[in-house]
Amino acid sequence: MSTNATSPGRSRPERRQPGQDWSSWPTYESAALGFRDHWYPVLWTEQVGKKPVAVTLLGENIALVREGEEIHALHDRCPHRGVPLSLGRRQFPGTVSCPYHGWTYDLKDGKLCGVLTDGPDSPIKGRVKVRTYPVRQRFGLVWVYIGDGDPHPLDDDLPEELRHNALVIGGRTDVRKGNWRFAAENGFDEGHAKYLHNTALWRLFKVMPAWNKTRVVERGEWLVRVQDEVHWEARMPGLGLWTNKRWWKRMPLPDAPGKAQKTNPVIKGLDLPGFVSIRMPGILRVAYPQFIHYEWYVPVDADNVRYVQLMVRFETGARAGLFKLKYLAAIRWLFHGQFTAQDAWMVDVMDAPPEKLYRPDLSLTAWRRKVEQSAPNVQPDKR
Amino acid sequence: MSTNATSPGRSRPERRQPGQDWSSWPTYESAALGFRDHWYPVLWTEQVGKKPVAVTLLGENIALVREGEEIHALHDRCPHRGVPLSLGRRQFPGTVSCPYHGWTYDLKDGKLCGVLTDGPDSPIKGRVKVRTYPVRQRFGLVWVYIGDGDPHPLDDDLPEELRHNALVIGGRTDVRKGNWRFAAENGFDEGHAKYLHNTALWRLFKVMPAWNKTRVVERGEWLVRVQDEVHWEARMPGLGLWTNKRWWKRMPLPDAPGKAQKTNPVIKGLDLPGFVSIRMPGILRVAYPQFIHYEWYVPVDADNVRYVQLMVRFETGARAGLFKLKYLAAIRWLFHGQFTAQDAWMVDVMDAPPEKLYRPDLSLTAWRRKVEQSAPNVQPDKR
Amino acid sequence: MSTNATSPGRSRPERRQPGQDWSSWPTYESAALGFRDHWYPVLWTEQVGKKPVAVTLLGENIALVREGEEIHALHDRCPHRGVPLSLGRRQFPGTVSCPYHGWTYDLKDGKLCGVLTDGPDSPIKGRVKVRTYPVRQRFGLVWVYIGDGDPHPLDDDLPEELRHNALVIGGRTDVRKGNWRFAAENGFDEGHAKYLHNTALWRLFKVMPAWNKTRVVERGEWLVRVQDEVHWEARMPGLGLWTNKRWWKRMPLPDAPGKAQKTNPVIKGLDLPGFVSIRMPGILRVAYPQFIHYEWYVPVDADNVRYVQLMVRFETGARAGLFKLKYLAAIRWLFHGQFTAQDAWMVDVMDAPPEKLYRPDLSLTAWRRKVEQSAPNVQPDKR
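How each quantity is defined
Residues numbered from 1 in each chain as written. Chains lettered and ligands numbered in written order. Predicted model: local features only at pLDDT ≥ 70, side-chain atom pairs only at ≥ 80, totals over all residues. Heavy atoms only, no water. Least-squares fit on C-alpha atoms with pLDDT ≥ 70 in both. Phe/Tyr/Trp six-rings, centres within 6.5 Å; stacked < 30°, edge-to-face > 60°. Helix = DSSP H or I, 4+ residues; strand = E, 2+ residues; numbered from the N terminus. Buried < 20%, exposed > 50% of the residue type's maximum accessible area, 1.4 Å probe, protein only. Salt bridge = Lys/Arg side-chain N within 4 Å of Asp/Glu carboxyl O. Contact = heavy atoms within 4.5 Å. Buried area = accessible area lost by both parts, 1.4 Å probe. Polar contact = N/O pair within 3.5 Å; in protein donor to acceptor, adjacent residues only side chain to side chain. Nonpolar A, V, L, I, M, F, W, Y, C, P; charged D, E, K, R; others polar. Pairing = 2+ DSSP bridges. Axes fitted to C-alpha atoms, helices over the stretch in contact; angles between N-to-C directions. pLDDT = per-residue confidence, 0-100. Domains from an automatic or database assignment. UniProt positions renumbered as here; feature names shortened; annotations may be inferred.

### Section: the relation of the copies chain A and chain B
Once chain A has been moved 0.2 Å along the axis and rotated by 120°, it coincides with chain B to within an RMSD of 0.1 Å. With respect to symmetry, the two chain copies, as superposed, fit the operation of a three-fold axis.

Printed below as a string of structure tokens:
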């Protein structure tokens, strides 16, 4: 039976085959642009200066501007004639001026505080306003809140272990092709690493399993993938031996079945039953023995995702410095570079639904159910 | 109040906010492709030779061909199989032949006067015709009439001072991004020059005002911007001093308020109460003390405009030659180049409606009203 | 009368002008993607190796893979998550594995025969299948059958003289712009060669006629163009002399009127009353005295055609080797290169309907009628 053929039941929705669409997860299906009422990491703070920078977030065009230590975010459209404010200049402190007619906006509240080409008594002054967005700086990143009303604390959208611990960070942010949901599903996907990444330089000296048996358990806001069985090789009937073992490769520790994952080695008190976890609005956590890798899948628009990768070690002083060096010399290129570029390739070429899910995809369906249950505020898609 | 937010009244048209659309100017709103029954400048005459040239004008594809001193314009589509005639050859004098099957059209009337691959007695000869367009040559430019019926004289579509005076011309024609209406509005826009162009090399040695108070008056076919007040600096409350004055810049003459603009210095008898004027179907006139700058906003299609700039001095002989030299050495690069490229930039990024107009925009609304009142023959948009 | 103007009768279909659309040939009009239930040539066999190759045929995405001497064709989409199988690897003999999760398909029947990342007992194994396509290798080309049910023999879709004779072949395959129907019509078009190709290097030493009188006759599956009159020059009233004669050009033989085309010189027993013939599903045959040139117009999608050109000489041994040399040294560049690139140019810029047909176009209408009468299985266009 080919799942590509149009199912005969397609015109009778009550008999629709599973996998033909995502109607089992209606909220998720409608969330091509992600979820409002969350904080999203966007750029490194040093990427934002006095000259405004244009970014797109959940389909909204935003101009980021620095004023001293503060970074401000405004809707990137002058209400006068629709010119992007990100093309503008900082004519006066604390403001940005549209390049066209010098309409000048207060960076703090977006109010039109001066209209250079209409004189000091311009009647429109104070009567126009561009939307502003709450901004925070944390871990060297600019975080923007997309939502209505007053934002909740940024901490609420951060993994708990990042909130109060001393740590050192290395990271990359890129805009990549593909919808954010494909990127998130790829991240929490149990199955692909063992095949897609078995050519990755990052795994050159470490074996990956051939296949696993997996459960997904809930831990607070997180879904955690727990491996009940890890198989390092498999004799495939009619095909031959399938394994990622090579004589020069070490067996890694954290995947070992039945092994001590009741407390994570990285952070005392962080109770992680498994290696990989995910939470709203699209944050992945991969707990290696020595460090944690995070991925934020930040929706740009329906066809692009901002992919923010952080590698965090909970150290200070010289050991933190050494980690930073190791990150810049190797991890950045091998893991945050070539390894996740393989993921980016798949996120780009993937095309679902229709889809035909298999046993390890319980991680995907658990994530979709989790999204449905959290009843998020879906960003409307105006296309 | 942000004008970007969807107005709550939007679903109830009777309470629609001003600026949400252009429904106050319904003719103008529908005129993305401009107006029929007018002459438009297209190319320099030396750009058209025996090999046909393809241009698009008000959405119509046209082939221009030279035959001796004459230039002819035909609809750029062979009725046989839709091949562009601009790809054709001049097989016989006074004709153009489609490159595919040698259907041969008389350049004068577009009649199929020979079908090379069907012999002298081809039954279809004389029974097919491609549309032709009236063409004139003037000021070194090719002018094409888009309209129905016999054209009115080209003079009717020319500024009156160009009709009979001796003059010398320098100019450029380019196709630029953006709709022709944005280009025209940018041209007659009272407000932007003082801010957008204050970095232009063309104004390196001349101060521009900080802001003006402006009226628009009608003079025959023209709307003229009249400056009631010209302010060279302004102290903007809460912001600081706004001025384009610099110690090395001269104050220009023609903008001086209350000053002698009853007769224009350029042409005796040209009664211009102001510096800048506009007329149908989209011609701008900027009267400098020594010369006049003109802009034609010729619609190409809904997203592109042919921008024809002319700089005219009413002189002959040696002084005309000197002006031509000055044009080629400086004006062409500083004014028709970098200065108006700033306008092109805005015309490209502008995105309205919605829009929120301010006091100086009375120049825009006067122009839109003028268009409505002139009840033009709108070119239909078949997309 | 211009056929470009919208006919007044257009809103009343019963009075529709001929040429406004292709509604006289409704099957043909709907066949932008060609016809199912036929064999199509796609690539040279040496272009397909162990690494899969992606091709598009009649709008269907297909992955071609070699396994030893065999070439296999699969629908180029893994049913799991929609990743193209042409990006995959040959992990085990006789299979292709999706690069994402290692879903492994048997090349022979498309069955999911192993799921590497789900272990030997994966429940989905054997329950998913990708569509496969019948493949043959002939004349050094890969032939793919697009159709339902068991395919008829490849021989049924080959010109009869190619089935059993000893022959030598030179050829090219390219994907070119334009719909396959324009390519086919261009091929069987009586009129254009005499004008479009009179600048071709291929005809540098041979005269082409000025115009012909032509009939189309049916010979089995083929339509054959028969020339009743061939005119080498014509005096066009009001224009002048039209001829392709030049003092250095020879007159060619096969076009000579009334001359011996009852048996073709190429193949004894091949009864060809004319020079050029066409058959379903879009195969052109041009019988030169020493060799036959064939063109297959293989639909890629609605806007692209795979153009397969073969030059065949019915010889063996040394004479075959000489012909192959001549092909590579000259014919490939002059005829299959520059000459047919002129056709490709027209196929790209052509835009019909509307169209206005002339006397020699009886070849086009005969072909369209032939298509209607053959009641083909039209490939549906899902756009």
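That shown, we press on.
### Some thoughts on the packing of aromatic side chains
Applying the stated criterion to the full structure yields 54 aromatic pairs over all chains. Relative to Tyr288(A), the ring of Trp202(A) lies with its centre 6.3 Å away and its plane at 85°, an arrangement referred to as edge-to-face. Here the residue Trp202(A) occupies a position in the loop between α4 (193-196) and β12 (211-219), and Tyr288(A) occupies one in the loop between β17 (283-287) and β18 (292-301), the gap between them amounting to 86 residues. Residue Trp202(A) shares its accessibility class with Tyr288(A), and that shared class is buried. Pairing Phe275(B) with Tyr288(B) gives two aromatic rings, centres 5.2 Å apart and planes at 80°, and the pair type is edge-to-face. In this pair, Phe275(B) sits in the loop between β15 (240-243) and β16 (276-279) while Tyr288(B) sits in the loop between β17 (283-287) and β18 (292-301), placing the two residues 13 residues apart along the sequence. Of the residues examined, Phe275(B) reaches a relative accessible area of 12% and is grouped as buried.

### Some remarks on the pattern of salt bridges
By the definition in use, this model includes 66 salt bridges over all chains. Ionic pairing is found between Glu315(C) and Arg313(C), a salt bridge with its closest N-O pair at 3.3 Å. Among the residues examined, Arg313(C) registers a relative accessible area of 12% and is labelled buried. The network of salt bridges with shared partners includes Arg36(A), Glu60(A), Arg131(A) and Asp148(A).

### Considering the interface of chain A and chain B
Facing 39 residues of chain A, the contacting portion of chain B comprises 44 residues. Contact between chain A and chain B buries roughly 3300 Å² in total, counting both sides, with carbon and sulfur atoms accounting for 57%. Among the residues of chain A in contact with chain B, Arg81(A), Tyr100(A) and Thr117(A) are the three that bury the most area, contributing 24% of the side total. Taken together, chain A and chain B are joined by five salt bridges. Counting every contact that joins chain A to chain B gives 17 residue pairs in polar contact (both at pLDDT 80 or more). For the side of chain A that touches chain B, the secondary-structure elements that each account for two or more residues are β5 (95-97), β6 (103-106) and β7 (112-115) of chain A. With three residues, β7(A) is the single largest residue contributor to the side of chain A that touches chain B. Taken together, the residues that form the side of chain A that touches chain B break down as 17 nonpolar, 13 polar and nine charged.

### Structural notes on the sheet that holds strand β13 (residues 222-231) of chain B
Residues and elements named next belong to chain B. On the basis of which strands lie adjacent, the open sheet formed by seven strands has the order β11-β19-β18-β17-β16-β13-β12 and antiparallel pairing. Either end of the sheet is taken by a strand with one partner, and the two such strands are β11 (168-177) and β12 (211-219). When the angles between neighbouring strand axes are averaged without regard to direction, this sheet yields 20°. Summarising the sheet, β18 and strand β19 (residues 304-313) pair through nine bridges and their orientation is antiparallel. Residue pairing in the sheet places Asp301 in a bridge with Asn304 of β19.

### Some remarks on the environment of Thr243(C)
Residues and elements named next belong to chain C. You can see Thr243 is positioned in strand β15 (residues 240-243). By relative accessible area, which is 12% here, Thr243 ends up buried. With 53 residues separating them in the primary sequence, Thr243 and Glu190 have C-alpha atoms 17 Å apart. Looking at Thr243, its side chain comes within polar contact range of the main-chain oxygen of Trp232, at 2.7 Å.

### Digging into the confidence of the model for chain A
All names here are of chain A. Overall, the predicted model of chain A reaches an average pLDDT of 91, with 91% of residues at or above 70. Note on residues 1-14: pLDDT is under 50 here. Beyond four places in sequence and across chains, it has 22 contacts. Counting contacts from residues 255-263, a segment whose pLDDT is below 50, to residues more than four positions away or on other chains yields 16 contacts.

### Let's talk about the sheet that holds strand β16 (residues 276-279) of chain A
Residues and elements named next belong to chain A. Taken in spatial order, the seven strands line up as β11-β19-β18-β17-β16-β13-β12 in an open sheet, and their pairing is antiparallel. A single partner strand is all that each edge strand has here, and the edge strands are β11 (168-177) and β12. The mean inter-strand angle of the sheet, taken between neighbouring strand axes irrespective of direction, is 20°. Here β16 runs beside β17; their pairing, made up of four bridges, is antiparallel.

### Examining the interface of chain B and chain C
Each partner contributes residues to the interface: chain B has 38 residues there, and chain C has 44 residues. Of the roughly 3300 Å² buried at the junction of chain B and chain C (both faces included), carbon and sulfur atoms supply 57%. On the chain B side of the interface with chain C, the three residues burying the most area are Arg81(B), Tyr100(B) and Thr117(B), jointly 24% of the side's total. One can count five salt bridges joining chain B with chain C. Where Asp118(B) meets Arg359(C), a salt bridge forms, and the shortest distance between an N and an O atom there is 3.0 Å. Counting every contact that joins chain B to chain C gives 17 residue pairs in polar contact (both at pLDDT 80 or more). Breaking the side of chain B that touches chain C down by element, the ones donating at least two residues are β5 (95-97), β6 (103-106) and β7 (112-115) of chain B. Here the side of chain B that touches chain C gets three residues from one element, more than from any other, and that element is β7(B).

### Remarks on the environment of Val53(A)
Residue and element names in this part refer to chain A. Mapped onto the secondary structure, Val53 falls in strand β2 (residues 53-57). Spatially, the C-alpha atom of Val53 lies 22 Å from that of Gly34, the residues being 19 residues apart in sequence. Once residues lying within four places of it in the same chain are set aside, the contact partners of Val53 are Leu43, Gln47, Val48, Ile62, Ala63, Leu64 and Ser86.

### Observations regarding the side chain of Arg77(A)
With respect to the secondary-structure elements, Arg77(A) resides in the loop between β4 (70-75) and β5. Given the relative accessible area of 11%, Arg77(A) is considered buried. Only 2.4 Å separates the side chain of Arg77(A) from the backbone oxygen of Asp351(B), close enough to count as a polar contact.

### Points about the domain arrangement of chain A
All names here are of chain A. Splitting chain A by domain gives domain 1 (49-139) and domain 2 (154-373). The partner domain 2 presents 11 residues to the eight residues of domain 1 that form the contact. Of the roughly 810 Å² buried between domain 1 and domain 2 on both sides combined, carbon and sulfur atoms contribute 66%. It is Thr56, Arg138 and Phe139 that lose the most area in domain 1 upon contact with domain 2, and together they represent 65% of the buried surface on that side. Two residues, Arg138 and Asp155, come together in a salt bridge whose shortest N-O distance is 2.6 Å. Viewed at the interface, domain 2 and domain 1 are joined by four residue pairs in polar contact (both at pLDDT 80 or more). Only β2 and β9 (135-138) provide two or more residues apiece to the side of domain 1 that touches domain 2. For the side of domain 1 that touches domain 2, the element with the most residues is β2, which contributes three residues. For the side of domain 1 that touches domain 2, the class distribution of residues is four nonpolar, two polar and two charged.

### Some points on the UniProt feature "domain: Rieske" (unreviewed entry) in chain A
What UniProt calls "domain: Rieske" (unreviewed entry) maps, in this numbering, to residues 39-144 of chain A. Between the C-alpha atoms that bound residues 39-144 of chain A the distance is 5 Å, and the span itself is 0% helix and 43% strand.

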